[in-house]
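So you can see what is in the structure, the chains are spelled out below.
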Amino acid sequence: MCETCGCSIPDHKHPTPADHHTVEVLEGLMSANDRAAAHNREHFDRGGVLVINLMSSPGAGKTRLLEETARALEGRASMAVIEGDLETENDAERLRRHGIRAHQITTGNACHLDAHQLHHALHEFPLEHEGQTTDILFVENVGNLVCPAAFDLGQHLNVVLLSTTEGDDKPAKYPVMFRAADLVVISKADLLPLLDDFSIDHAEQSLRGLGVETPTLTTCAGKTVDISTWIEWLTDQLDRHRNNTQEQAVANQ
Amino acid sequence: MHELSVCQALLDQVRETARAHHADEVGLITVRIGPLSGVEPDLLEQAFTIARNGPLTSSATLSIELAPVRIRCRDCEQECEVRPNRLLCSACSSYRVDLISGDEMLLARVELQGAGPSQNSPDPERKPSHV
């Protein structure tokens, strides 16, 4: 019988103050995810693949931009896409119809992709396929301006889309997401003449208010297509990435 | 609402620490959260009451220390505390600033019961299992 509380549980022990002690940990809460992300990044770097995590609210035009991007990059660089959505293969099927290699992750009820999910997807979707390598892998994250920002996937760059139909104060409303961006793409810019409540200047001021120097550019990928500045940025990033990878390879020799 | 995922990761980390110290139970868990971490403290607390059920942590409690958002200006070197969506230097209004606090999401301390102080610490070389 327990001598302290009188219960009949054999070997019942009550901790005494001497049994307590506090351990300092000081480790990030996302350390398991971050380790998986670092593992993904090593894998991408070995294959010389530039990986871009594309994030936005639902309907900002991520899939449409990717369709046009594949058309513009044809013959210059090869791309593949990993799609994240709660349900359906719709987006991956859309991209495949445009001849783009695509893989769908359905997250169920999860509002974001994490590094483990991407890792599993890479096992099913090799970056080298039928002798063809991948130059750029886009991860089209779940449409959501909150949760995806907290999870490193192993990407090299974060691109956040802000469509002109959403409101130019989005950066101030979602500071964590917009601070994580390496580039902000203002999409659906062809609608600007029809809208009286979106100004590119205001959107940029809202972004600067977050204490960042993140560049912005505009695209339209609807009936009118103009994605030239985006393609320029993308090919520039690809060149830089290739140079970095080569320098790294030389340094490791 | 990704706080449940964050909370599960937190509890995995706590259990790993508890096992490394041969503890029977976990008491107070202290985390440090900044507004720019993307984690909402109230939601983390709610998620904690669900996620703690399991080995070692079923009677654990959570304490959240809130970190302020602080920046240092690259132009005038002034340090100041700012709102999470207004990170401009309070002295010269520059946006060329470095964040010095406010995006933390740290497991600070864990109170362990039934364990003697131990030299064991989790293996720093842990890698994700490759499946």
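The structure displayed is predicted, hence computed values, not measured ones. (Residues numbered from 1 in each chain as written. Chains lettered and ligands numbered in written order. Predicted model: local features only at pLDDT ≥ 70, side-chain atom pairs only at ≥ 80, totals over all residues.)

Observations concerning the overall build of chain B
Test applied: Numbering of helices and strands runs from the N terminus, with a helix taken as a DSSP run of H or I at least four residues long and a strand as a DSSP run of E at least two residues long. Counting other C-beta atoms within 10 Å of each residue's C-beta, where C-beta atoms are placed from the backbone, gives the exposure class: buried for 20 or more, exposed for 12 or fewer, partly exposed between. Contacts are defined on C-beta atoms placed from the backbone: any two residues whose C-beta positions lie within 7 Å are in contact.
What chain B contains, in helices and strands, is 2 helices and 6 strands. Traced from its N-terminal end to its C-terminal end, chain B shows the element sequence α-β-α-β-β-β-β-β. By the burial criterion, 37% of the 131 residues in chain B qualify as buried. Here the contacts in chain B between residues at least 6 apart in sequence split such that 71% fall between residues at least 24 apart.

Quick notes on the sheet that holds strand β3 (residues 70-73) of chain B
Residues and elements named next belong to chain B. Spelled out, the test is: Being paired, for any two strands, means DSSP has found at least two bridges between them. Between N-to-C directions, angles span 0 to 180 degrees; the directions come from axes that are lines fitted to C-alpha atoms, helices contributing only their stretch in contact.
One open sheet holds the 3 strands; their spatial order is β4-β3-β5, and the pairing between them is antiparallel. Only two strands of the sheet have a single neighbouring strand rather than two, namely β4 (79-81) and β5 (97-101). Strand-to-strand, the axes of this sheet are offset by a mean angle of 30°, without reference to chain direction. Pairing analysis gives 3 bridges linking β3 to β4, with the strands arranged antiparallel.

Re the interface of chain B and chain A
Heads up, the condition is: Here the term charged refers only to Asp, Glu, Lys and Arg, the term nonpolar to Ala, Val, Leu, Ile, Met, Phe, Trp, Tyr, Cys and Pro, and the term polar to all other amino acids, Gly among them.
At the junction of the two partners, chain B supplies 39 residues and chain A supplies 36 residues. For the side of chain B that touches chain A, the element with the highest residue contribution is strand β6 (residues 105-113) of chain B, accounting for 9 residues. In terms of residue class, the side of chain B that touches chain A is built from 22 nonpolar, 10 polar and 7 charged. Where strand β1 (residues 21-28) of chain A lies against β6 of chain B, 6 bridges are found, and the strand directions are antiparallel. Note that in β6 of chain B the partner of T22 of chain A across the bridge is E111 of chain B.

Concerning the pairing of strand β5 (residues 136-140) of chain A
All names here are of chain A. Counting buried positions over the 5 residues of β5 gives 5, a clear majority of the element. Burial of β5 is two-sided: the residues I136, F138 and E140 facing one way and the residues L137 and V139 facing the other way are all buried. Pairing geometry for strand β2 (residues 50-55) and β5, over 5 bridges, is parallel. Looking across to β5, one finds that L54 is bridged to E140. As defined by bridge partners, strand β3 (residues 79-85) adjoins β5 across 5 bridges and the pair is classed as parallel.

Side note on the environment of H112 of chain A
Residue and element names in this part refer to chain A. By the element assignment, H112 lies in the loop between β4 (101-106) and α4 (115-124). The buried category is assigned to H112, around which 22 C-beta atoms lie within 10 Å. A sequence separation of 31 residues divides H112 from G143, and the C-alpha atoms of the two residues are 8.2 Å apart.

Concerning the domain arrangement of chain B
Residues and elements named next belong to chain B. Quick note on the threshold: All domain edges in this entry derive from an automatic or database-based domain assignment.
Here the domain parsing of chain B yields domain 1 (2-67 + 103-130) and domain 2 (68-101). In this assembly, 6 residues from domain 1 lie in contact with 5 residues from domain 2. Considered class by class, the residues forming the side of domain 1 that touches domain 2 number 3 nonpolar, 1 polar and 2 charged.

Re unusual backbone geometry
The phi angle of most residues is negative, glycine excepted, and most peptide bonds adopt the trans form. All names here are of chain A. Despite not being glycine, E130 has its phi angle at roughly 50°, a positive value. For E130, the location among the structural elements is in the loop between α4 and β5. Phi at K188 takes a positive value of approximately 60°, unusual for a residue other than glycine. With respect to the element layout, K188 can be found in the loop between β7 (183-187) and α7 (200-208). Looking at K188, the number of C-beta atoms within 10 Å reads 24, which means it is buried.

Digging into the sheet that holds β2 of chain A
Each strand in a sheet pairs with another by means of backbone hydrogen bonds, the pair being arranged parallel or else antiparallel. Residue and element names in this part refer to chain A. The 7 strands lie next to each other as β4-β3-β5-β2-β6-β7-β8, forming an open sheet whose pairing is parallel. Of all the strands in the sheet, just β4 and β8 (216-218) have a single pairing partner and so form its edges. Averaged over neighbouring strand pairs, the angle between their axes works out to 20° when direction is ignored. Strand direction decides the pairing type here: β7 and β8, joined by 3 bridges, are parallel. Directly across from I186, in β8, lies its bridge partner T218. Across the sheet, helix α3 (residues 90-97) is in contact with β3, β4 and β5; its angle to β4 comes to roughly 175°.

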